[in-house]
Amino acid sequence: MNGTATPDLQGELSTNGFVRIPSALSSDQIESLRDACSTATSRARAGNWPHIRTLPKQFPPWPSDANGGIWGVQHLLHPDQPGNDVFASSYFGDTVMGPAKRILGCDDEDMVMELYNLLVRPERDFELRWHRDDIPASASPEEEMKRLSKPAWHAQWNLALFEDSSLVVVPGSHKRPRAEVERSADPYEAELPGMLIVEMKPGDLVFYDNNILHRGVYRADVERMTLHGSVGHVRGGNLRARNVLQHAVGEWVDQCDFGKLDERTKQRAEGMRKRLVELGSWNKDVGYSLED
Ligand SMILES: O=C(O)CCC(=O)C(=O)O
């Protein structure tokens, strides 16, 4: 805390690599988002939505065949995604963008639309290996530090609609190279020194640095609907462009209809979309951050 009733989100995120905001959503918001997420997930499992995270692949690009099972539904803001207005309201509204602006230390005019996806219960138990989202495991300690000492220029979050203890992080690891024990560990090591299982209740919001050392551990018998988003700062430039555009958002972002948002949120959304399109026009052939 910073001495007032307002938590120091930026400070906590900077120290630990993640920060939790309990009960960010009202029960009405949880209910309406659960409905929209159930529809999106059922369509995806039935093979009616091609933008999915398929088992057992960890990183993009993912194939669009859902037969082997899925662990995520991509592109909630896509114009063809049913419920995209509910998702747009949750992405661009103050519940998430308020804390995101405090974390980035910026105003609406600096923010760039990025990704909004859904992480779901897989059809069979599945685990992600330890990773940083934008630094490959092969990086030397010097290469890790070079990247980690640059500003993040983004905020990334998980917004849980059911209890969720899938995300495991090593607090503070977003500021240092991997220790020898982390570097030489099995990629699926169940216990790393100091690791923490991020426990979330329905409606909890957790922001985390995407280059914190982390993994996901998912169970087929535990319901999961966790909205997974990121927002950029306009100064993030091509580093952020790679993170976002590797997910092919550029193919549809100009077709999103933000007409159902209230006027203030709509203006924010239009500005954020415009800045993403501009970023895309400067940063072609971004490639992929990590490979399976
Ligand atoms: O499931 C999660 O919360 C983490 C997902 C993750 O680590 C990733 O998408 O790279």
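Here, the structure is the one placed above.
Here goes a summary of the coordinates provided. Here the structure is a predicted model, which means the values were calculated and not measured.

One can find Val170 in the loop between strand 7 (167-169) and helix 6 (180-183). Note: C-alpha distance between Val170 and Leu213 (43 residues apart in sequence) is 5.6 Å. Sequence-distant contacts of Val170, that is, excluding residues within four places in its chain, are made with Trp130, Arg176, Glu182, Leu192, Pro193, Met195, Ile212 and Leu213.

The N-to-C vectors of helix 2 (residues 27-45) and helix 3 (residues 84-92) enclose an angle of 130 degrees; their axes lie 9 Å apart at closest approach. Judged by the inter-axis angle, helix 2 sits oblique to helix 3. Note that helix 2 runs across helix 3; the crossing there is left-handed. Touching Ser32, Leu33, Ala36 and Cys37 of helix 2 are Val86, Phe87 and Ser90, all from helix 3. Taken together, the residues of the contact of helix 2 with helix 3 break down into five nonpolar, two polar and no charged.

In this section: the layout of surface pockets. Here the largest pocket defines a volume of roughly 460 Å³. Lining the largest pocket are 23 residues, and of these Lys150, Pro151, Ala152, Trp153 and Asp209 lie nearest its centre. When contributions to the lining of the largest pocket are tallied by element, the ones reaching two or more residues are helix 1 (9-16), helix 4 (94-104), helix 5 (141-148), strand 6 (154-160) and strand 9 (205-208). When the residues that make up the lining of the largest pocket are grouped by side-chain class, the tally is 10 nonpolar, nine polar and four charged.

With that out of the way, let us pick up helix 4. Listing the buried residues of helix 4 in full gives Val96, Met97, Pro99, Ala100, Lys101, Ile103 and Leu104. Taken from the residues just after helix 4, Gly105 is the one with a positive phi, measuring 60 degrees.

On to the site of the ligand. Looking at the ligand, the residues that line it are Arg53, Leu119, Leu128, His131, Asp133, Asn158, Leu167, Tyr208, His214, Tyr218, Arg224 and His228. Separating an oxygen atom of the ligand from a side-chain N or O atom of Asp133 is a distance of 3.2 Å. In the environment of the ligand, an oxygen atom lies 3.0 Å from a nitrogen or oxygen atom belonging to the side chain of His214. Residues that form the shell around the ligand fall into these classes: five nonpolar, four polar and three charged.

The next subject is the pairing of strand 10 (residues 214-218). Within a regular beta strand, the side chains point alternately toward one face of the sheet and then the other, so they alternate between its two faces. Buried residues dominate strand 10, accounting for four of its five residues. Bridge count between strand 5 (residues 126-127) and strand 10: two bridges; the pairing is antiparallel. The residue bridging Glu127 from the neighbouring strand is Val217, located in strand 10. Sheet topology places strand 7 next to strand 10; three bridges connect them, and they run antiparallel. What sits directly across from Val168, in strand 10, is Arg215.

This next bit is on the sheet that holds strand 9. Pairing between the strands of a sheet is mediated by backbone hydrogen bonds and can be parallel or antiparallel. Here seven strands make up an open sheet; going across it, the order is 1-9-6-11-4-3-2 and the pairing antiparallel. Edge positions in the sheet fall to strand 1 (18-21) and strand 2 (52-54), since each has one partner strand and no second. Across the sheet, the axes of successive neighbouring strands diverge by a mean angle of 20 degrees, strand direction being ignored. Across three bridges, strand 2 lies against strand 3 (residues 70-73) in antiparallel orientation. From the neighbouring strand, Ile52 faces strand 3, where its bridge partner is Val73. Helix-sheet contacts for helix 1 involve strand 1 and strand 9, and the interaxial angle to strand 1 is about 140 degrees.

With that settled, the discussion passes to the pattern of salt bridges. Two side chains that carry opposite charge are able to pair once their charged atoms sit near each other. Per the stated rule, a full pass over the model turns up 18 salt bridges. For Glu123, the salt bridge is made with Arg45, and the minimal N-O distance between the two is 2.8 Å. Note that Glu123 is positioned in the loop between strand 4 (111-120) and strand 5 and Arg45 in helix 2, a separation of 78 residues in sequence. A relative accessible area of 37% means that Glu123 is categorised as partly exposed. Given the relative accessible area of 26%, Arg45 is considered partly exposed. Of the charged contacts, one joins Arg268 and Asp108 as a salt bridge, the two residues approaching to 3.1 Å between their closest N and O atoms. Of this pair, Arg268 sits in helix 8 (residues 263-282) while Asp108 sits in the loop between helix 4 and strand 4, and the two are 160 residues apart along the sequence. Take Arg268: its relative accessible area is 4%, and that puts it in the buried class.

Quick notes on the rules
Residues numbered from 1 in each chain as written. Predicted model: local features only at pLDDT ≥ 70, side-chain atom pairs only at ≥ 80, totals over all residues. Heavy atoms only, no water. Helix = DSSP H or I, 4+ residues; strand = E, 2+ residues; numbered from the N terminus. Contact = heavy atoms within 4.5 Å. Axes fitted to C-alpha atoms, helices over the stretch in contact; angles between N-to-C directions. Parallel < 35°, antiparallel > 145°, perpendicular 65-115°, else oblique. Left-handed = near helix turned anticlockwise from the far one by under 90°. Nonpolar A, V, L, I, M, F, W, Y, C, P; charged D, E, K, R; others polar. 1 Å grid on protein atoms, 1.4 Å probe; cavity = no way out; pocket = protein on both sides within 12 Å on 5 of 7 lines; lining within 4 Å. Points joined across faces, edges and corners; volume = space filled by probe spheres on them. Buried < 20%, exposed > 50% of the residue type's maximum accessible area, 1.4 Å probe, protein only. Near = heavy atom within 4 Å. Polar contact = N/O pair within 3.5 Å; in protein donor to acceptor, adjacent residues only side chain to side chain. Pairing = 2+ DSSP bridges. Salt bridge = Lys/Arg side-chain N within 4 Å of Asp/Glu carboxyl O.

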